[in-house]
Each structure stands twice: as C-alpha cells, then as structure tokens.
Amino acid sequence: MPDHDLALRSTRIVTPEGERPGAVLVADGQIVEVVHPGDAPLDAEDLGDLAIMAGFVDSHVHINDPGRTHWEGFETATHAAAVAGITTLVDMPLNCLPPTISTEALSAKLAATDGRLHVDVAFWGGIVPGSEPGIEELHRAGVMGFKVFTCDSGVPEYGSFAPEQLPGVLARTAPLGVPLIVHAEDPTTLAAAARLVDPRADPRAYGTWLASRPPEAEDRAVAALIDGVRTTGARVHVLHLSAASALPLLATARAEGLPITVETCPNYLTLAAEAIADGATDHKCAPPIRDRANQDRLWRALADGTIDAVVSDHSPSSAEDKHLEDGDIMAAWGGISSMQLGPALIWTTAQRRGFGLAELSRWMAAGPARVAGLRHKGHLAPGMEADLVVFDPEAGWSVDAAALHHRHPISPYHGRAVTGAVRRTYLRGTCIMRDGELLETATGRPRRRDEV
Ligand SMILES: [Zn+2]
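Treat the numbers as computed from the prediction; the structure is a model and nothing was measured.

### Topic: the packing of aromatic side chains
Now for step 1: One pass over the full model with this rule turns up eight aromatic pairs.
Now for step 2: Here the aromatic rings of Trp-71 and Trp-333 are separated by 4.7 Å at their centres, their planes lie at 50 degrees, and the arrangement is tilted. Placement of the pair is Trp-71 in the loop between β6 (56–61) and α1 (74–84) and Trp-333 in the loop between β14 (309–310) and α11 (342–352), with a sequence separation of 262 residues.
Now for step 3: For Trp-71, a relative accessible area of 6% puts it in the buried group.
Now for step 4: Overall, Trp-333 belongs to the buried group, its relative accessible area being 12%.
Now for step 5: For the ring pair Phe-74 and Phe-123, a centre distance of 6.5 Å and an interplane angle of 75 degrees mean the geometry is edge-to-face. One end of the pair, Phe-74, is in helix α1; the other, Phe-123, is in strand β8 (residues 120–123), and 49 residues separate them in sequence. Neither Phe-74 nor Phe-123 differs from the other in exposure class; each is buried.
Now for step 6: By the ring-pair criterion, three or more aromatic residues cluster together here, those being Phe-56, Trp-347 and Phe-391.
Now for step 7: Above the plane of the ring of Trp-209 lies Lys-284, whose end atom (NZ or CZ) is 4.3 Å from the centre.

Laid out in structure tokens, this is it:
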C-alpha cells in the first residue's frame, strides 16, 4: 500500500474507460493508485454509491479579466467552476483588455489572478493581424496554444484573418507543436447572408439571427482550415462547432490522420432553435443554436468520436450589453453565460440518450484536457493531479440563475430541471467545495504549459 494522505472509496470510480468499484489514493496532490475494493486502506472514506470522477476541464471560458471585469472576473468565474466540479479552466485571450496577444498582456493577466483563483487556470494566447512577431515569445511564456478568428470577433481590439490567410498563420504555429484554435465561420458567407436578411425583419426574432449565420459559413471555414492543416501539418482545434453539416468533412480529415480536434458546447447540445422565443437574447451566441435535427447529429458525432470535447464557451456580458430590456437579439452581445451548469446539463441529456458517466468524463474532462495539452489533468489515473469530483448522478434540481456564482445572473437555462449534482470538489488533493460551499479559497494556481 503506497503512502497516502487521502483515500476515497466508492462503488463507482469513473474513468473514460468505464466504471468500477474501488478506492482512489492520493499523496502530495497526486493520484498514486486506484485499488480494488478489497485492497482499500482502512482509513479510506466510504462514499457509497456516489461516483468519484476526474475534475471537469473547461478549455473555453472568457473570464474577461483584466479590463472587462464588469462582465466576469477570475474570482467569480473560478468560484462558479469550483461549485460545478470544474477544476481547470483555460481562459480565452479576448474580451479581456489588453487581449492576451503579447507577453506584457499575459503578465497583466497573471497579476490579475493574484489571490483570486479557486481552481487552476491556464491560458490561451491570441494572434491578431500584426501580432505575429510575438508568437514565439508568448509560446515560451507558457500559453497552451493560440486563438484566431476567421470572422469579426465581436470586439474591436481583436482582429481576424480571412480563411485564405490561415496557411500563413498555421506555418508559424506548426513548429511550436501547440494547437491553433479557430473560431471558424467564413466572413464572405456571413456577409452574403446578412445582405439577404430583409432590412425590415424583426431584430427581436430569433429567426433573424439564425438566418444571418448559416451553416455554410462553418462548412466553408472548416474546409479552408483542413486545407491549411494538410499543407502545413499544424495542429488545429475547431472551436464551438454548431453546424452538423461540417461533420463529414471533419470525420474524413481525421480518418486521413490530420491533427484536427473538435469541440461543441452544451448550448448546441441541449437547446434548439425551434424552442427559442423571440426577444430571448440570453440564447444568442455565434455560431448560433440550430435546430433539433442538427442537435441529434452533434450527439451522434460525440458518440462516434468525431467531436472530442464539450466545453462551455462561457462568454458573459452585462445585462445592458445583453439587451435584456428591449430583447433586440441582433444588437445583443453574442455570448452565453452558463459555465457552472455544463456538467449537469450534459449529464441530464446524455443519460436520456443512453450514455454513461464514462462518456461524461471523456467529453468534459479527458477530452478538453487533451485538446488543451493539459497532460496531468482530466484523467483519474496514477500520476495525474488529484483533481476529483464526488458526483451524485441521481440528484435532481432546478436551475435558478440568481443562485449561480457568475458575475451576472443571466442564463438561458433558468428554471430548467437537471439531474446530477457535484457534492465535493478536490483540487490537487484538497477538498475545496462541499455541497455548494467553498471550504478553501484561493487554492487555485495559474498554470504554464510546461508544468501542467
Ligand atoms: Zn468563445
């Protein structure tokens, strides 16, 4: 029996490979062994039928800190994460000011985390036109990879690259071995769709927004990206895939062995365009939430492995920027706030569709960790950091937006019935959350690529 400072036993130890009874042994913040129930040490705490799983990893979160902390911030975002059992966040390089496109900006961000992280946070760097000369230095400073847009980013300080410019960017990131993560919608297709939208169309109608962001925009940008990967060999990750029509292209590219990974989000997997009321600006994100048939195809792609990860794309703004008062969807900020709900939303629907906790862990822990290059996160196995959640898969509850820990109580899921509650969250072996309450504060650390 290895030395340990924590031992947890349960009938349901979950790894991406499956579930089994046993005990997890932790020493110095790391998992040292997973043993059979008969070999559990006498001091193991018995959690009965509550599941023990790897902490969830959310590799797509806009924390907006520093600079737009009236939208979100490190303290509020990591508090929400700890309560949801998300033990690692990877922060997006935009919507904060300055955007994380230089080592100076990364230093400003690290300073903003000081004493305010309840879970671990790693960082994506950004590339905008003109910032390319700083890529290598920012890579050395420890970002997990680099983000670009192929269309308007929504904020003026973060420019985009047209799809035909992508090979030039890919040629620069390829030797670094980290992913270029891409918001993939083709700007020409979007502009053409916008011209077709009747200028007298109701700006409060969800259909107006949907018509302005057709699936072909995703298809074309993804196709351009695949061509770029083929010519440069660079690693690429497709962010927040919404259009199921792009899946066959991606499946073919992966079958060819191209280094492409794909994520989608709870918004696309649990909300459907048919049910979105006009004026419901809390449902606006880009690419948009599409119809139920599209949603079914995304679930099938998760099952067959074409989609690697489910992450939140938590992108909040103030109530004012979200146009909650007038319901103007066309004018509202395009981002959904709901990171804290991700695991419960996905578990609720996954269960109904016949999936188990192993899949939940694969999509929301191991998958995002692999995409972001977090080698010691997202997996319940010896040698991994002891980020664990104690999960009650049967507990039902109802979403109250005002009870979430995000800065703004805005959520398209308000009032929704969900199943699955995180009873405890362990970060590197320390229990930081129990039944919704933080037990330890500021235990989180900013993490660099080479040490996580
Ligand atoms: Zn995003």
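### A short note on the packing of helix α7 (residues 215–232) against helix α8 (residues 247–255)
Now for step 1: Axis separation between α7 and α8 bottoms out at 9 Å; the angle between their running directions is 15 degrees. For the element pair α7 / α8, the angle class is roughly parallel. Crossing of α7 over α8 shows left-handed handedness. Residues Asp-219, Val-222, Ala-223 and Ile-226 of α7 touch α8, and the partners they reach there are Leu-249, Leu-250 and Ala-253.
Now for step 2: For the contact of α7 with α8, the class distribution of residues is six nonpolar, no polar and one charged.

### A look at the layout of surface pockets
Now for step 1: Of the volumes computed, that of the largest pocket is approximately 500 Å³.
Now for step 2: Lining the largest pocket are 30 residues, with Asp-152, Gly-154, Trp-209, Arg-213 and Ala-286 sitting closest to its centre.
Now for step 3: At the level of secondary structure, the elements contributing two or more residues to the lining of the largest pocket comprise β10 (146–149), α5 (187–196) and α6 (206–212).
Now for step 4: Within this model, the second largest pocket holds a volume of roughly 300 Å³.
Now for step 5: As for the second largest pocket, its lining consists of 17 residues, and the residues nearest its centre are Val-83, Gln-340, Trp-397, Ala-421 and Val-422.
Now for step 6: Among the elements of the structure, α1, α11, β15 (388–398) and β16 (417–427) are those that each provide at least two residues to the lining of the second largest pocket.
Now for step 7: Ranked by residue count, the leading element in the lining of the second largest pocket is β16, at four residues.
Now for step 8: When the residues that make up the lining of the second largest pocket are grouped by side-chain class, the tally is ten nonpolar, four polar and three charged.

Basis of the calculations
Residues numbered from 1 in each chain as written. Predicted model: local features only at pLDDT ≥ 70, side-chain atom pairs only at ≥ 80, totals over all residues. Heavy atoms only, no water. Phe/Tyr/Trp six-rings, centres within 6.5 Å; stacked < 30°, edge-to-face > 60°. Helix = DSSP H or I, 4+ residues; strand = E, 2+ residues; numbered from the N terminus. Buried < 20%, exposed > 50% of the residue type's maximum accessible area, 1.4 Å probe, protein only. Lys NZ or Arg CZ within 6 Å of the ring centre and 35° of its normal. Axes fitted to C-alpha atoms, helices over the stretch in contact; angles between N-to-C directions. Parallel < 35°, antiparallel > 145°, perpendicular 65-115°, else oblique. Left-handed = near helix turned anticlockwise from the far one by under 90°. Contact = heavy atoms within 4.5 Å. Nonpolar A, V, L, I, M, F, W, Y, C, P; charged D, E, K, R; others polar. 1 Å grid on protein atoms, 1.4 Å probe; cavity = no way out; pocket = protein on both sides within 12 Å on 5 of 7 lines; lining within 4 Å. Points joined across faces, edges and corners; volume = space filled by probe spheres on them.

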